[in-house]
Amino acid sequence: MIPPAFEYARPVSVEEAVRTLADAGDEAKVLAGGQSLLPLLRLRLAFPELVVDVGRVPGLRGVREDGDALVIGALTTHHEVVRDPLVRRHAGLLAAATATVADPAVRHRGTLGGSLAHADPAGDLPTVALALDAEMVAAGPQGRRSIPAREFFVDYLETALRPDELLVEVRVPKTDGWGFHYEKFHRVAQAWAVVGVAALVRRDDGHVAEARIGLTNMGSTPLRAAATEAALAGAPVETDAVARAAASAAEGTRPSPDPSATPEYRAHLARVLTRRAVLAAAGTE
């Protein structure tokens, strides 16, 4: 299908991009790697009057350390995230989950910031950002502000970014010493997850000291399995104990029905995948 007509701008700095977005108001869409926006345009699910291509804005790519966090530029591609030694060493969950995104062609073009700003609840990386307690840094006319992941994802394909703001970097707390695993179920290779689970587990003397569990495609935004996290705190790292905690993984979720799965089946998958992900993150599978 042919996309609707739109104007095109290619700013050469963050400041110019912000001015362009501010002038356009609600009528602009940001183009980064294009792997999320272009399909929406082709299917005529998005009708922007202006597309702002930030792909060549300098300073928005790469990974650096900042104390207890990694700072990842919004234009860093999935391929670069997977291969980056700092990400692999200090945020292994992000590297592992990103390696499951789509296919190599998409991973070479798609960007971390683009995926997070797209905010598809069936996407892998918003859930991982939520589990990692990441923060998104947005640049706007009044300067920069940090938005915690728990506040960033507002609704289906909607974030807390204002129309005149640009996502410029992602701050990911280091999770050295944590076990991690990303488990997802999809019907065919390279398809969106029917359900996914991002698990982080910190062990102490054979028990779970802390667990963070993010759920993919279990609502209009990525969600945390809060009841399971609470049940795991202090629990022994044993199959039965983890299974009991995982039984509450779907509590508080609102999975939507679609051709891929019923809400009941998604809830079942959330429980099964949570058990697997937590056991793998704890090093027992």
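Scroll up for the structure.
Keep in mind the model is a prediction, meaning the values are calculated, not measured. (Residues numbered from 1 in each chain as written. Predicted model: local features only at pLDDT ≥ 70, side-chain atom pairs only at ≥ 80, totals over all residues. Heavy atoms only, no water.)

(A) Representation of the packing of aromatic side chains within the structure. A complete count under the given rule lists 2 aromatic pairs for this structure. Where Phe 152 meets Phe 153, the ring centres are 5.1 Å apart and the plane angle is 90 degrees; that geometry is what we call edge-to-face. Judged by relative accessible area, which is 0%, Phe 152 ranks as buried. Classification of Phe 153 by relative accessible area gives buried; the value is 8%. Judged by centre distance (6.4 Å) and plane angle (90 degrees), the rings of Phe 185 and Tyr 265 are edge-to-face. Highlighted residues: Phe 185 in strand 11 (residues 179-185) and Tyr 265 in helix 12 (residues 263-281), separated in sequence by 80 residues. Look at Tyr 265 and you get partly exposed, because its relative accessible area is 31%. Here Arg 212 stacks its cationic end above the ring of Trp 178, 4.6 Å away from the centre of that ring. (Phe/Tyr/Trp six-rings, centres within 6.5 Å; stacked < 30°, edge-to-face > 60°. Buried < 20%, exposed > 50% of the residue type's maximum accessible area, 1.4 Å probe, protein only. Helix = DSSP H or I, 4+ residues; strand = E, 2+ residues; numbered from the N terminus. Lys NZ or Arg CZ within 6 Å of the ring centre and 35° of its normal.)

(B) Up close: unusual backbone geometry. Not every positive phi belongs to a glycine, and Arg 44 is a case in point at roughly 55 degrees. Tracing the backbone shows Arg 44 in the loop between helix 2 (37-42) and strand 3 (50-53). Classification of Arg 44 as partly exposed rests on a relative accessible area of 36%. Phi angles above zero are rare outside glycine, and Asp 133 is one such case at about 55 degrees. Considering the arrangement of structural elements, one finds Asp 133 in the loop between helix 8 (124-131) and strand 6 (135-140).

(C) Structural detail: the environment of Pro 173. Topologically, Pro 173 is positioned in strand 10 (residues 166-173). Once you skip the residues sitting within four places of it in the chain, Pro 173 turns out to touch Asp 68, Ala 69, His 90, Leu 132, Asp 133 and Ala 134. (Contact = heavy atoms within 4.5 Å.)

(D) Looking closely at the pattern of salt bridges. Applying the stated criterion to the full structure yields 15 salt bridges. In this structure, the salt-bridge partner of Glu 169 is Arg 64, at a minimum N-O distance of 4.0 Å. Note that Glu 169 is positioned in strand 10 and Arg 64 in strand 4 (residues 63-66), a separation of 105 residues in sequence. Assessed through its relative accessible area of 15%, Glu 169 is described here as buried. Here the residues in one salt-bridge network are Asp 133, Arg 202, Glu 210, Arg 212, Arg 224 and Glu 229, joined through shared partners. (Salt bridge = Lys/Arg side-chain N within 4 Å of Asp/Glu carboxyl O.)

(E) Structural context of the environment of Arg 89. With respect to the helices and strands, the residue Arg 89 is situated in helix 4 (residues 85-90). By relative accessible area, Arg 89 is classed as exposed at 52%. Taking the C-alpha atoms as reference, Arg 89 lies 24 Å from Thr 274; in sequence the two are 185 residues apart.

(F) How the structure looks around the sheet that holds strand 7 (residues 143-148). The 5 strands lie next to each other as 4-5-10-6-7, forming an open sheet whose pairing is antiparallel. Only two strands of the sheet have a single partner each, and these edge strands are strand 4 and strand 7. Geometrically, the sheet is characterised by an average inter-axis angle of 25 degrees between neighbouring strands, direction not taken into account. Note that strand 5 (residues 69-73) and strand 10 share 5 bridges and pair antiparallel. Bridged to Gly 73 within strand 10 is Glu 169. (Pairing = 2+ DSSP bridges. Axes fitted to C-alpha atoms, helices over the stretch in contact; angles between N-to-C directions.)

(G) View of helix 12. With 19 residues, helix 12 should cover 27 Å at 1.5 Å per step; its first-to-last C-alpha distance of 26 Å lies within 8% of that length. If you check which residues of helix 12 are buried, you get Arg 266, Ala 267, Leu 269, Ala 270, Leu 273, Thr 274, Ala 277, Val 278, Leu 279 and Ala 281. Buried residues in helix 12 make contact with strand 11, strand 12 (195-204), strand 13 (207-216), helix 10 (226-232) and helix 11 (239-246). Just downstream of helix 12 lies Gly 283, where phi reads positive at about 85 degrees. (Expected span 1.5 Å × (residues − 1).)

(H) How the structure looks around helix 8. The buried count for helix 8 comes to 8 of 8 residues, which makes it a mostly enclosed element. Taken residue by residue, helix 8 has Asp 124, Leu 125, Pro 126, Thr 127, Val 128, Ala 129, Leu 130 and Ala 131 as its buried positions. Two residues or fewer after helix 8 comes Asp 133, characterised by a positive phi angle close to 55 degrees.

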